[in-house]
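# Breakdown of the fold
Chain by chain, the residues run as shown.
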Amino acid sequence: MAEGTQIDRDSEDGSWFLEAVGVKKHAPSSIESIAELERENTLVDIPVVELSGGDSDEESGDMPEPPRPVAATTDANVIEMTSFDGDPGTSLSSFDPVPDLPPMPSNVVAAVAVETVDEPDILSETVDESDLSAPLKTRRPFRWSAFGLVVAVIAAVVLGVVWLPRAADSAAAATRTSYYDASLTVREFLPTAQASLDIVTNPSSTDAALGTVIPVVSELTSDATNLATVAAEPLPTVLPFLSADAVDELPPLQDRSAILASDASEVARQIGHAYVYRTSVADLLVVGDLPIEAGTEEINALSVTLASSLAENASLIADLPANDAFDDIAANAAEAVGAYAQWQEDYLKALADGDAAAAQELIDTFTDVRTTLLVQTAQSLASFREVLDDRIVSLSGEFDEHLANLSQ
């Protein structure tokens, strides 16, 4: 009754037609519903397999591809089997147990257990380390500037402690050597200067011998000037904090060299003065043989000669150097030349008057004045030689002592 009634209802609304053509599925019966539920419980434990590769498809032919599992595996060639906890989600706990699974195809590999696979480091796979900046260094970088400063300081210390004292000692030794060489040159030339002094002061010296005096005086003056120049050079400079014993010994030696240079130069100057007096006084009042009688023309010519001689004598007197050893000679010569002008007038008048006796007397007076002047000059030169010779000897001893001090 009940079934017939249900069919009649479906017939009335036309649903049987829709079910017949497949548009609408017919409602399952109770038996079909139970079978469907059992099938779902059974399919839960059925493993889902995935083919290991394309070669298996070719070997299997038209074998249908099994459905893919909901939970994907981590490898394309590995099949993950998911177990069911036994709870079908229904109250039908009295169903029969799930039947055994059919054998797995030979071309399918089953994953018995799920292993935990470490996920790859995304940063290490996607970031190019060459594009990144260099890692920061934790230690301080080496600085060449600081190293150079330290080296410079060390070099300065070494320079001050080692090289500068040696350089100062070397400079002091060089200064000593220059003093010694210049002093030795003067000392070795003093005997020659002494010989020239003898020539100048000796009345019997020839004109040829007197001609050698000027070169000697010039050489001694040059050597003395060279010693003075060396002594005037500045002493080596030494820093205050350095030892300067060798340099400290130089100032006394420098002063002594300068003094000896001045003394040697004075010796040369004195010899030169003696030479001037010796040669100049000898040329004063030189007129040759004077006649006691002469005509007008001869008197006129003689007057010109005497006037020229007077001018030359006046020039010689003016050129006499000032020297204490020859001051008396200079005064006597100047007086004689001054009287020479008056004497010329008297002598020429006697010739013009024809007074031979008066002319002869004037000539004798003129000769006596000249002879007296030459004798006085010779005496002054002799005294001068004695004094200057002693000075040259003592100066030689001073140079010897100085050279000994310089050689220490």
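Fair warning: this is a prediction, and the values are worked out from it, not measured in the lab.

On to the overall build of the protein chain. Each helix and strand counted, the protein chain has 13 helices and two strands in total. Buried positions account for 26% of the 408 residues belonging to the protein chain. Expressed as a percentage of contacts within the protein chain between residues at least 6 apart in sequence, the contacts between residues at least 24 apart total 81%.

Turning our eyes to something else, we now look at unusual backbone geometry. Positive phi outside glycine occurs at L285, with the angle close to 60 degrees. By secondary structure assignment, the location of L285 is in the loop between α10 (250–282) and α11 (296–318). Judged by its relative accessible area of 2%, L285 falls in the buried class.

The biggest cluster of nonpolar side chains holds 59 residues, and the ones touching the most others in it are L220, I271, L306, W343, Y347 and F399. Broken down by secondary-structure element, the contributors of at least two residues to this core are α6 (144–201), α8 (213–232), α10, α11, α12 (327–353) and α13 (356–406). The residues touching W343, leaving out its near neighbours within four places in the chain, are L290, L306, L362, I363 and F366.

What follows deals with the packing of α10 against α13. Between two packed helices, both the angle of their axes relative to each other and the distance between the axes serve to describe the pair. With their axes 10 Å apart at the nearest point, α10 and α13 run at an angle of 160 degrees to one another. Of the possible angle classes, the one that applies to α10 and α13 is roughly antiparallel. Judged by the twist between their axes, the crossing of α10 over α13 is left-handed. Its residues assigned to classes, the contact of α10 with α13 comprises 18 nonpolar, five polar and six charged.

Mapped onto the elements of the fold, I292 is located in the loop between α10 and α11. Of the residues examined, I292 reaches a relative accessible area of 31% and is grouped as partly exposed. Separated by 70 residues in sequence, I292 and L362 place their C-alpha atoms 9.4 Å apart. I292 has contacts with Y347, L351, D355, A356, A359, Q360 and I363, leaving out every residue within four places of it along the chain.

With that out of the way, let us pick up the packing of α11 against α12. Relative orientation of the contacting elements α11 and α12 amounts to 175 degrees, with a least axis distance of 10 Å. One element, α11, and the other, α12, form an angle in the roughly antiparallel class. Here I299, L302, S303, L306, A307, S309, L310, N313, A314 and I317 of α11 come into contact with α12, specifically with A333, A334, V337, Y340, A341, W343, Q344, Y347, L348, L351 and A352. A per-class count over the contact of α11 with α12 returns 17 nonpolar, four polar and no charged.

Let us look at the side chain of S280. One can find S280 in helix α10. Apart from the residues lying within four places of it in its own chain, the contact partners of S280 are L316 and L320.

So, about the packing of aromatic side chains. Tallied over the entire structure, the rule returns six aromatic pairs. Aromatic pair Y277 and F326: ring centres 4.6 Å apart, planes at 20 degrees, arrangement stacked. In this pair, Y277 is assigned in helix α10 and F326 in the loop between α11 and α12, connecting sequence segments 49 residues apart. Each member of the pair, Y277 together with F326, is buried. Summarising the aromatic geometry, the rings of W343 and Y347 are spaced 5.1 Å apart at their centres and angled 5 degrees between planes, so their arrangement reads as stacked. Of the two residues, W343 and Y347 are both situated in helix α12; the distance of four residues between them amounts to about one turn of the helix. Here W343 and Y347 have matching classes, each one buried. Members of the aromatic cluster, joined through ring pairs, are Y340, W343, Y347 and F366.

Before going further, it helps to examine the environment of S218. Of note, S218 is situated in helix α8. Distance in space between the C-alpha atoms of S218 and A268 is 7.7 Å, their sequence separation being 50 residues.

The terminal C-alpha atoms of α8 lie 29 Å apart, and with 20 residues this matches the ideal 28 Å at 1.5 Å per residue to within 8%. For α8, every residue scored as buried is listed here: V213, V216, V217, L220, D223, A224, L227, V230 and A231. The buried side chains of α8 occupy one side of the element, clustering within an arc of 155 degrees when seen end-on.

This next bit is on the side chain of Q270. Residue position: Q270 is located in helix α10. Non-local contacts of Q270, meaning those with residues more than four positions away in its chain, are made with N323, F384 and L388.

To continue, consider the pattern of salt bridges. Any two side chains of opposite charge can pair, so long as their charged atoms come close to each other. Enumeration over the complete set of coordinates arrives at eight salt bridges. Across the pair K349 and D353 runs a salt bridge whose closest N-O atoms are separated by 2.9 Å. Of this pair, K349 and D353 both sit in helix α12, separated by four residues, roughly a single helical turn. Note on accessibility: K349 and D353 belong to one class, exposed. A salt bridge links E398 to R391; its shortest N-O distance comes to 3.9 Å. Put simply, R256, D263, R391 and E398 are held in one network by salt bridges that share partners.

Moving on to the confidence of the model for the protein chain. Scored by pLDDT, the protein chain comes out at a mean of 76, with 58% of its residues at no less than 70. Taken element by element, the predicted model of the protein chain shows its lowest mean pLDDT in helix α4 (residues 54–60) (44) and its highest in α8 (96). Predicted confidence for residues 69–84 stays below pLDDT 50, and this span has 30 contacts to residues more than four positions away or in other chains.

Rules of the game
- Residues numbered from 1 in each chain as written.
- Predicted model: local features only at pLDDT ≥ 70, side-chain atom pairs only at ≥ 80, totals over all residues.
- Heavy atoms only, no water.
- Helix = DSSP H or I, 4+ residues; strand = E, 2+ residues; numbered from the N terminus.
- Buried < 20%, exposed > 50% of the residue type's maximum accessible area, 1.4 Å probe, protein only.
- Contact = heavy atoms within 4.5 Å.
- Core = buried A, V, L, I, M, F, W, Y, C linked by side-chain atoms within 4.5 Å.
- Axes fitted to C-alpha atoms, helices over the stretch in contact; angles between N-to-C directions.
- Parallel < 35°, antiparallel > 145°, perpendicular 65-115°, else oblique.
- Left-handed = near helix turned anticlockwise from the far one by under 90°.
- Nonpolar A, V, L, I, M, F, W, Y, C, P; charged D, E, K, R; others polar.
- Phe/Tyr/Trp six-rings, centres within 6.5 Å; stacked < 30°, edge-to-face > 60°.
- Expected span 1.5 Å × (residues − 1).
- Arc of directions from axis to C-beta.
- Salt bridge = Lys/Arg side-chain N within 4 Å of Asp/Glu carboxyl O.
- pLDDT = per-residue confidence, 0-100.

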